[in-house]
Structure formats: structure tokens, C-alpha cells
Amino acid sequence: MPRGFSLVEILMVLILLIVGIFAVIRLFPEGFVAINASAYSVVADSLIKRNEDNARKFGENLPLGVVGIDPATGGIRANLVPGDLLVPFPYTENTINGNTGPLPEDPRFSYINAARRVLGEGFKIPPPSPFPPDSTLTSTGGYVSLYHVLYSPIYSDMPSGRAALGVAVFSGTGLQRVTFQDPPSTDNLDDLAKLGAFGYGVDYDRGLLHFLSAPYDRIFKIEFSYRTGTDTGGQSLPNNCIYIPANITPNQQLTYNLYAGAPQPAGCVFYPLPAGAQLIPGSESLYRRFRQLLVGDPFTGDAYEFKVYDTTYGLLGFNPLASSLPLPSREGRGLTARVDYDVDDWTILRQDETVPLRVVDASANASVRRYPIKLMTRLKKVGDFDETPSYVGGGGGVTLSKTHLGLIRDYPAGSINPARPGTPGIDLILVDIETGYRIDSRTMQRGVAAGVDNTNGEIDYSAGVIHLRDDGSQFPQWSPPPGLAGTPVYMPPAGRHVRVYYRTDQDFGIASYKPYSNYLVQPDPAFLGPQQYTPLGGGYLLFPIADAEKTVAVDYSYLDPVSGIIRQETGELQKIGLPTAVGAPAPGRAWLRLRRDPLVDTATFRITGIRGVSFHSHVIWREASRVRNRRRATLLTSAR
């Protein structure tokens, strides 16, 4: 008879089977981790690609620089090293609402948020369009020139506190100069009168600027170079500011002394020419600053005016006169401008989409149609766990919450930073790009429970999809920008170009930063600051450490030892090295060394220009308790 299985054999098979099952089970967690890591990596690559594509699309609007700021002073951090974008910033504001101990790192200055000040984003002021929510526009026919910034939300619409820049707008092109004699000749005054608001006079020997009077205050940003004796001297500090008060006398000549300065209003600091220094002819440039109005203030006859309508969308409104103002010398019409501002938080993602023309996900009720907008990944919802704490509380002291409270975080007022109102209860905002009207998450909730509002659609947070609702008789209701008392409007969703602001449950963030579009010489390396370089012997150039790992194009001349001719090198690409790199000429300074023929005497090098040409994208996200990141740089320069 055939022999059966013994109990020992059966037990051995069972043991092997159990061991095998447990071995397979152990593979699942690691497998899921690997799958998630791969998915996050795909999202990170997609974010970088979208960021670079957006920068190329708006190449003419690229800022002159995106830099780090110090929360204690509000100044630019010249000591920001690339590694600072990967670690939390220790926030030591310990006087907020009676707190005596240090608070945890402030998300405004941690990780990629360490570099979030946008300088000199350029644009031509667009033609005016109707903007019904602003009731102050009756004097301009109900029209305003609208522009939305590239990187929003904006942290603050008005200067407040040391770390709140507000929004500063300057003319995109410098004023035209008239070189004045001493004393000014009739021809000098006639030429200045022809230029009017677009011109100024300059007396290089005495360091004097001349302006024609205007019935309104004017502020100018000025840049200049100077010599001190036989030395090359130096250049003015960035954002050097001069103030010309209003004068109602027509064509009155006003003078500003660059050696002595004059009384300045708050926020406008002038750094004069050093005693004994000589202004280098043709080196100075002046840029008129636009005056910021409150939303409730009407525009006046001064074309250099603007308002901030929406800090989330970054929507600016300009006096419509600016778009059609005749330029001198028959150069056309309309002003160009550049804007400085602080990004609120790079972990608030911005995604531009076009709502589909056709319904893709019709419900069982044929009269209710939904138009889907697919976002990059899963969304963070109010009430979810949030690894980054939010500040909550009032006069009795600040507490920290790890519950997600809203898209824009609340910040309490302190001795350094101002109070920053957030968006409690709102975790997603959708803006119509054409009009600036918006829908938020409160009217797009899923479910049938009492109090659930799905008037405008539904958000599937786990799938990362917005479903805009259209029931055939009532379109979604879009609200005007905050602070404007306009009436909500009903607009069909199909085909609309929208921008969506949201956070993800993996805390994805995408930051853009770049070197300055031009650098100024600082002869003394001990005083080397932002947007400056110091030439050394041997073809070396020193930079602040914040410029390390960025790429610049250097223009310079040198003496050809064979022909004896001065030759010009234009646009030599150089990646600025870290102070720790091999060959670094000075401790604590970023650097580069120009390429050269060994026979060329480096003492004959003369730098004629340095331009930043790289554009950097930096993504971070969380995998469990770890913060991961990915960086990529490309060569991309402003078209202006």
C-alpha cells in the first residue's frame, strides 16, 4: 500500500510555508515604500519641469534676482549657503504675546523658504480692462491695468516690520540724462524741459542732480559708480533711494546733492557719495518708484500709481494712464515696470490649468455636469495632521498646532514681524486668470451631511481632483478679490484659464531662485555684500557665499601679449565655486577664476560686466519623517 505522510513531515511543510509567507509579507512594507518613493520622485520631476517651462514662457518677466532674507533685519542674506535650503531655520523671536522661550523654526524662513525675496520682476504695464469690483475707478472710466506676479502668494502687501518688504514697484527703464554745465546753460534747461518727467540733469563735477518740479512727491532708486583719487573707487549700494518733495510751481528747477543728501521719508535711505569721490560720467541710472495707494483710494493724474488687490493671486492694479503715457523721443507709449516682493511660502503650490470644454465626469443626474481639474498629487485638507506647526492664540500666549488650519498660515505679531492674517478654514483657492475672481474650498466640499457646501463643485482630496459644478441653469459663483465690495458673478467653467493654490499631504514645495542679472564691483572684500564682486590678482573674482553654485557670464578685456592689442571676451560662462572647493583663494568667499592663456598677464584684466545666467528649481517633500529634495539648474536669462 502507498505510504502516507507522517506528522513530522506535515509539520515541516507547515513551518516552511509559514516562514515563506512571513518572508513575503516582509517585502510588502519595503515595496510600498519603494513605490511611494518612485511616485514622489515623478511628482518632483514634474514640478521642476513645469517650473522651468513657466520661466521660459514668461522669460521677459524673469526677476533680476531671487535671494534670501534675514528675519531679524529684513536685509538680504549674503551668507546664505546652498545647504541652508535643506534645513530648518532656528527662529528665536521669543517676545511674541508674552512668550519667554524660543519658538520652533518659522516656516517662512526654513528649508527652501530661506530664499524667497523676488527682486525686479519685469513687465510692460498692460492695456486697461474693466474691473467692476473697484468702486474708486469712476475717475478712470472703471478701467485699470491689471498684472499678476509670477510667484504668489505675496507675503505682505504693505511694508510692516523688519521682515516685511511689502510690494515695491519701480520704472523698468532709467530716466534719460542731460549733462549739465556749471552753471547750467539755456540749452541744458531746454533739453530737460523737453524730457519732462522722463529726464533729469546731472553735474558730474559737483555731484548734483537737477529735476523739474511736479505737484506730487517722487522717489527714485539710484545706481552710480565713483572714483576715489587714482583708485577705481566703488559703486552705490543696491536700492539706494532719493526723495524729491512735491512742488506746485511749474517748471521749477529742483537740485539734489549726492554728497550731502536731503531729508528722506521712512523706508527711503540714501547713501551719499564718499567725501572726495568723483561721480563717473555716464555711470548713474535713476528709476522712478510707483506710489502705492490703498484699495479705497482713487487714482490721480500721476501715472506712477498702483494698488494691491489680492495677495494670494498677487494681483496688482496700475493707473491706466501708465499704459498709454507717451514716451520721449517718439519711443512709443506705455511704461515698463519692475516689482520687488516676498513670496509667502514656496510650499503653497501654484498650478495653471484650462478647464476642459467637455464634461468628462457627468453624474447620474444628467442635469448636473462636472468639469474636472487634475492636480499634481494628493491634497492637504483642513483638519488633517500637519508636520509643520501653525501658530494659534492671542494675547494670552501663542500655542502651536499640528492640525492643518488653512492654505496661508496665521502668524502672530511680535517685535520683529507683523501680524499676518491667514486663511482659516480655506485650504484651496481657485482664481480665474482673466478677471481675478476666485472660488475657495468652502463651497466645494463632498458629502450630503448638514452644513456641507458643494454649491460650486467638489474636491476629491485623495485623488487631487477639483470638480467644478454646472447644473445647466446656475454656473459656479466667483467672488471678487478680498477687500473689494463687488458682487459675486456666475461664470461658466468650461474653457476658463485658472490658477489653483493648494498644499499637498507630502508637503511638496517648489522654489525658484537665480543670481543677479548684473553685479557691481566692491574693491574691498571686507565689505563685499549682495550683488557685488571683488577682483583679485590671478584672474580670481570673489562673491558673497550666497552666490555659490550659480552660473554667471563675465565680460572682460585683456592685453594680448603677442599682438599688443586689447582684446574683449564676452559672456565667458563660469560656475561660482564654494569656499571649500579646491583652489579657493579666500576663506568664506565664493569665487571663480577666469580662463586665460598662460602667457596673458592677469594684471591687464578689466571686468566690464557680470551677468547671472542660471535659473534654479528646488523641490522638497516629506517621506514619513524625512525631508527629501531635488535640485536642477538651467541656463535662462531675462529677455529684458
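Sequence positions are assigned chain by chain, starting from 1 and proceeding in written order. Whole-chain, interface and lining totals are the exception, using all residues; otherwise, since this is a predicted model, local features are given only for residues with pLDDT of at least 70 and side-chain atom pairs are given and counted only at 80 or more. Calculation of side-chain values draws on the structure's entire complement of heavy atoms; hydrogens and water are dropped beforehand.

What about the sheet that holds strand 32 (residues 520-521)?
Each pair of strands is called paired provided DSSP finds at least two bridges between the two strands. Helical segments are the DSSP runs of H or I of at least four residues, strand segments are the runs of E of at least two, and each set is numbered from the N terminus. Taken in spatial order, the four strands of this open sheet run 32-33-34-37, and their pairing is mixed. Looking at the sheet topology across the chains shown, the edges are occupied by strand 32 and strand 37 (590-593). Looking at chain direction, strand 32 and strand 33 (residues 532-535) are connected through two bridges and run parallel. Pairing of Val 521 across the sheet is with Tyr 533, part of strand 33.

Remarks on the state of the cysteines
Only a pair of cysteine sulfur atoms within 2.5 Å counts as a disulfide in this structure description. In the structure shown here, the tally under the stated rule is one disulfide. Disulfide pairing is shown between Cys 241 and Cys 268; the S-S distance is 1.9 Å. On the sign convention where negative is left-handed, the bridge of Cys 241 and Cys 268, at about -100° about the S-S bond, is left-handed. Pair noted here: Cys 241 is in strand 12 (residues 240-244) and Cys 268 is in the loop between strand 13 (253-257) and strand 14 (277-279), with a separation of 27 residues, a long-range link.

A look at the nonpolar core
Think of a nonpolar core as a cluster: buried Ala, Val, Leu, Ile, Met, Phe, Trp, Tyr and Cys residues, connected wherever their side-chain atoms sit within 4.5 Å. Residue burial is assigned from relative accessible area. The probe radius is 1.4 Å, only protein chains are included, and a residue is buried under 20% of its type maximum, exposed over 50%, and partly exposed in between. Tyr 151, Val 167, Phe 290, Phe 318 and Tyr 341 are the most contacted members of the largest nonpolar core, which totals 40 residues. Within the residue set of this core, elements represented by two or more residues are strand 2 (115-124), strand 17 (305-310), strand 18 (315-318), strand 19 (336-342), strand 31 (509-513) and strand 39 (614-623). By definition, residues are in contact when any of their heavy atoms lie within 4.5 Å. Once residues lying within four places of it in the same chain are set aside, the contact partners of Tyr 151 are Asn 51, Leu 62, Pro 63, Val 118, Glu 121, Tyr 341, Val 343, Trp 346, Arg 350, Ser 512 and Phe 615. Counting 30 residues, the second-largest nonpolar core is a separate cluster that includes Leu 428, Leu 430, Ile 459 and Met 491.

Points about helix 2 (residues 186-195)
For helix 2, the full list of buried residues reads Asn 188, Leu 192 and Leu 195. Seen from one end, helix 2 has its buried residues packed into an arc of 60°, which puts them on one side. Exposed residues on helix 2 whose side chains face more than 90 degrees from its buried face are Thr 186, Asp 187 and Lys 194. The inward-facing, buried residues of helix 2 abut strand 6 (176-179), strand 7 (199-203) and strand 8 (208-212). Positive phi shows up at Gly 196, right after helix 2, with a value of about 60°. The directions from the helix axis to the C-beta atoms form the arc being described.

Topic: the packing of aromatic side chains
Two aromatic rings, drawn from Phe, Tyr or Trp (for Trp, its six-membered ring), form a pair once their centres lie within 6.5 Å of each other, and the interplanar angle then sorts them: stacked below 30 degrees, edge-to-face above 60, tilted otherwise. One pass over the structure, following the stated rule, counts 20 aromatic pairs. Relative to Phe 318, the ring of Phe 290 has its centre 5.7 Å away and its plane inclined at 85°; by these criteria the two rings are edge-to-face. Of this pair, Phe 290 sits in the loop between strand 15 (285-288) and strand 16 (291-292) while Phe 318 is found in strand 18, placing the two residues 28 residues apart along the sequence. Assigned by exposure class, Phe 290 and Phe 318 land together as buried. Sitting over the face of the ring of Tyr 155, Arg 116 holds its NZ or CZ atom 5.3 Å from the ring centroid. Above the ring of Phe 170, the side-chain terminus of Lys 221 is found at 4.5 Å from the ring centroid. For a lysine, the NZ atom is tested; for an arginine, the CZ atom; a charge sits over a ring if that atom is within 6 Å of the ring centre and within 35 degrees of the ring normal.

With respect to unusual backbone geometry
With an omega dihedral of 10°, the bond running from Ser 152 to Pro 153 counts as a cis peptide bond. Following the sequence through the fold, Pro 153 ends up in the loop between strand 4 (143-148) and strand 5 (168-171). For Tyr 111, which is not glycine, the phi torsion reads 50° and is therefore positive. When you line up the elements, Tyr 111 lands in the loop between strand 1 (65-68) and strand 2. Look at Tyr 111 and you get buried, because its relative accessible area is 18%. Even without glycine at this site, Asn 251 takes up a positive phi of about 60°. For Asn 251, the location among the structural elements is in the loop between strand 12 and strand 13. Among the residues examined, Asn 251 registers a relative accessible area of 60% and is labelled exposed.

Looking at the side chain of Ser 512
Locating Ser 512 in the fold gives a position in strand 31. Using a relative accessible area of 1% as the deciding quantity, one classes Ser 512 as buried. Here a polar contact is recorded for every N or O atom pair within 3.5 Å, except that within protein the pair must consist of a potential hydrogen donor and a potential acceptor, and residues adjacent in sequence are included only if both atoms are side-chain atoms. Polar contacts involving the side chain of Ser 512 include one to the side chain of Asn 51, which spans 2.9 Å. Beyond its immediate stretch of four places on either side in the chain, Ser 512 contacts Asn 51, Val 66, Tyr 151, Trp 346, Phe 615 and His 616.

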